[in-house]
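Coordinates in review
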Amino acid sequence: MSDLWKKSRGYYPGDWVRPRSNGGSWRPLVDWTEVFPGHRSVDRKGQFNLYDAPVDVRLAIEEAEGSEPLEFDGQVDDLGNSVKVWKSKGGYHLLYYEDGRVAYASSEDAFHWRRPSLGIVEKNGSTENNLVTEVGGDALKCVFEDPTAPPNERFKGMGCEGALLNSATWEVANEGEDIDDELIEQWWADQEYLGPSFKGPRLVLKGRVIGWTSPDRIHWRRCDQILANFPMDGGLSISYDESSGFFYGYCRLQGVPQEQFDLMGKGKWESEIFHRAIGLTQTRDFLNWSAPKLVLFPDGQDPPDTSFYGGDYFSHPGLDDLHCMLVQVYHHITDHMDSQIAFSRDGVIWQRPERRAIIPAGVAGSNGPSMVYSWGSGIVELPDGLWGSLFGAHNKLHNEPRLDGANSCSLRWARWKPFRFCGIESKAEGRFTIATIKRTADELRLNYHCKPGGWIEVEILRQIPSRVHPDVDPVPGFTFTDSDRLTGDSIDSVVTWGDRSDLSEVGEMLAVRLKMFQAKIFAYQI
């Protein structure tokens, strides 16, 4: 009988002794995964008490610090959004929109950019410019590296093209030399305004996904094959995952039932929703994509006028098991866009710690932007060690009339100290316990910030006890009483108890109790 028990997998509820794995990197506090929920149980004295529960703490994002506009040969506005920014030994490199097309620039300091003459695309009768494609906007929305591809296709891009079709012939109605733009505009207006009195074929707006390949991110060739017969406009973020061998794409849903999973019932949520939302699609073949499954949707904690225009996905720096997404949130009533942040442990189930912007927009007419577009950038390390995400700062609202035809946009950095997208915060005095984890280092380090007068104290347990024995004593010499208070601000501070910091004597695993006053803890390392 005992041999059969060995085959049992998992742990019986209430067995909190088991340690969690630990790769040795910093562990960001972006959700409640690290936090033990607590015991309300009977202790050794027969009293019914609360142990190791999170009390008076909350998850709180860290709003980005915005930079001044980047300079492009002295120019700071009349630019477009970022397509892709990356860092190499030669400095920083950027693909962005300019004059309705994709352009390239480089920089040594990430703030002052040079636009080289590439000789690729003709503009005003000359190829002495930094343009890399004849098209821009939705046509080339994202760029990523494919390590499995031959050298001439090492980098890939994706985008969307749309067309107005004549419902009688299903031919494109708004292309060709003989097209009368005014006629098309009147045709579309009539079918919407005239109602039943409108006669004749209707205009139908359709979209499809197109692909691109490049050996160097500068010289691009459009793929001959259509990648999918549904649109992927708005924010689009594609990457290749070496561990699974799949290409993954986060895109805006456009009324097509998902083709990714076998699900319960007959619901086709993706084809029924009118709020813009984000779906996930995956494939092993870059040239063939299935309709995406909804993974991130405005929920009951959001205002009802909320839509998601897309997301900028990136793997959390330094980690391969935490995924991040800057979600482009469109507010229908105010007609502006800002960026929230979402996190996932598997790329499928996403959660947002708060329903407020981590990259906020300013007020129209103020010094801040009326809208921010943050997609395609990901995260790069800036020269001063801060983490940066590039965003387009627009001075116009989404549907605001451009009476002069202008939509001034500058590119700016959203910046954070390392590992500070989110943290656990106490407005006054609070406490929480980090669940049992394997120890990979001899010291405990914290990334934290305390307000003036704020502090943090730390206590060590050998493990989280079961609910049957909730009042296990802390490790002698590593109690709250022995703890040296942490104050101020530090991205890397060793926790000490008097003259002691070496935790090797505690054993191969431990749990960490934290008590804090007007403080925020972003990450820990042990």
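What counts as what
- Residues numbered from 1 in each chain as written.
- Predicted model: local features only at pLDDT ≥ 70, side-chain atom pairs only at ≥ 80, totals over all residues.
- Heavy atoms only, no water.
- Helix = DSSP H or I, 4+ residues; strand = E, 2+ residues; numbered from the N terminus.
- Buried < 20%, exposed > 50% of the residue type's maximum accessible area, 1.4 Å probe, protein only.
- Areas by Shrake-Rupley, 256 points an atom, 1.4 Å probe, with all protein chains shown as cover.
- Lys, Arg positive; Asp, Glu negative; His and termini not counted.
- Charge placed at Lys NZ, Arg CZ, Asp CG, Glu CD.
- Pairing = 2+ DSSP bridges.
- 1 Å grid on protein atoms, 1.4 Å probe; cavity = no way out; pocket = protein on both sides within 12 Å on 5 of 7 lines; lining within 4 Å.
- Points joined across faces, edges and corners; volume = space filled by probe spheres on them.
- Nonpolar A, V, L, I, M, F, W, Y, C, P; charged D, E, K, R; others polar.
- Core = buried A, V, L, I, M, F, W, Y, C linked by side-chain atoms within 4.5 Å.
- Domains from an automatic or database assignment.
- Contact = heavy atoms within 4.5 Å.
- Polar contact = N/O pair within 3.5 Å; in protein donor to acceptor, adjacent residues only side chain to side chain.

1. Focus: the overall build of the protein
Of the regular secondary structure elements, the protein holds three helices and 30 strands. Judged by the C-alpha coordinates and their principal axes, the protein covers about 90 × 55 × 50 Å. Burial analysis of the protein (526 residues in total) assigns 51% to the buried set. As displayed, the protein has an accessible area near 25700 Å², and 49% of this comes from carbon and sulfur atoms. A gap of 7 Å separates the mean positions of the 56 positive and 77 negative side-chain charges of the protein.

2. Some words on the sheet that holds strand S10 (residues 112–114)
Spatial ordering of the open sheet is given by S6-S10-S9-S8-S7, a layout of five strands whose pairing is mixed. Looking at which strands have only one partner, the edges of the open sheet turn out to be strand S6 (71–72) and strand S7 (82–88). Across seven bridges, strand S8 (residues 91–98) lies against strand S9 (residues 101–107) in antiparallel orientation. Looking across to S9, one finds that Tyr-96 is bridged to Ala-103.

3. Concerning the layout of surface pockets
Taken as a whole, the largest pocket encloses approximately 1100 Å³ of empty space. Taken together, 40 residues make up the lining of the largest pocket; nearest its centre are Ser-239, Tyr-240, Tyr-313, Phe-314 and Ser-315. Taken together, the elements giving at least two residues each to the lining of the largest pocket come down to S7, strand S11 (142–145), strand S15 (237–241), strand S16 (246–252) and strand S19 (306–315). Here the lining of the largest pocket is built from residues that sort into 20 nonpolar, 11 polar and nine charged.

4. As for the nonpolar core
Membership of the largest hydrophobic core comes to 54 residues, with the highest contact counts inside it found for Phe-432, Leu-444, Leu-446, Ile-456, Val-458 and Ile-460. Secondary structure elements with two or more residues in this core: strand S4 (58–61), strand S20 (323–331), strand S21 (336–344), strand S25 (387–394), strand S26 (409–416), strand S27 (422–438), strand S28 (445–461) and strand S30 (509–525). Ranked by residues supplied to this core, first place goes to S30 with eight residues. A domain split of this core shows at least three residues from each of domain 1 (17–61 + 423–525) and domain 2 (65–167 + 202–416). Non-local contacts of Phe-432, meaning those with residues more than four positions away in its chain, are made with Leu-29, Val-35, Ala-53, Pro-54, Val-57, Ile-424, Val-512, Arg-513, Leu-514, Met-516 and Ile-521. Leu-94, Ala-103, Val-121 and Leu-131 belong to the second largest nonpolar core, which has 18 residues in total.

5. Overview of the sheet that holds strand S22 (residues 350–351)
Spatially, the four strands line up as an open sheet ordered S19-S20-S21-S22, and their pairing is antiparallel. Single-partner strands in this sheet number two, and they are S19 and S22. As defined by bridge partners, S20 adjoins S21 across nine bridges and the pair is classed as antiparallel. Note that in S21 the partner of Val-329 across the bridge is Asp-338.

6. Some details on the side chain of Glu-457
Looking at the secondary structure, you find Glu-457 in strand S28. A distance of 2.7 Å separates a polar atom in the side chain of Glu-457 from a polar atom in the side chain of Arg-485. Ignoring sequence-local partners within four residues, the contact set of Glu-457 consists of Phe-480, Ser-483, Arg-485, Arg-513, Leu-514 and Lys-515.

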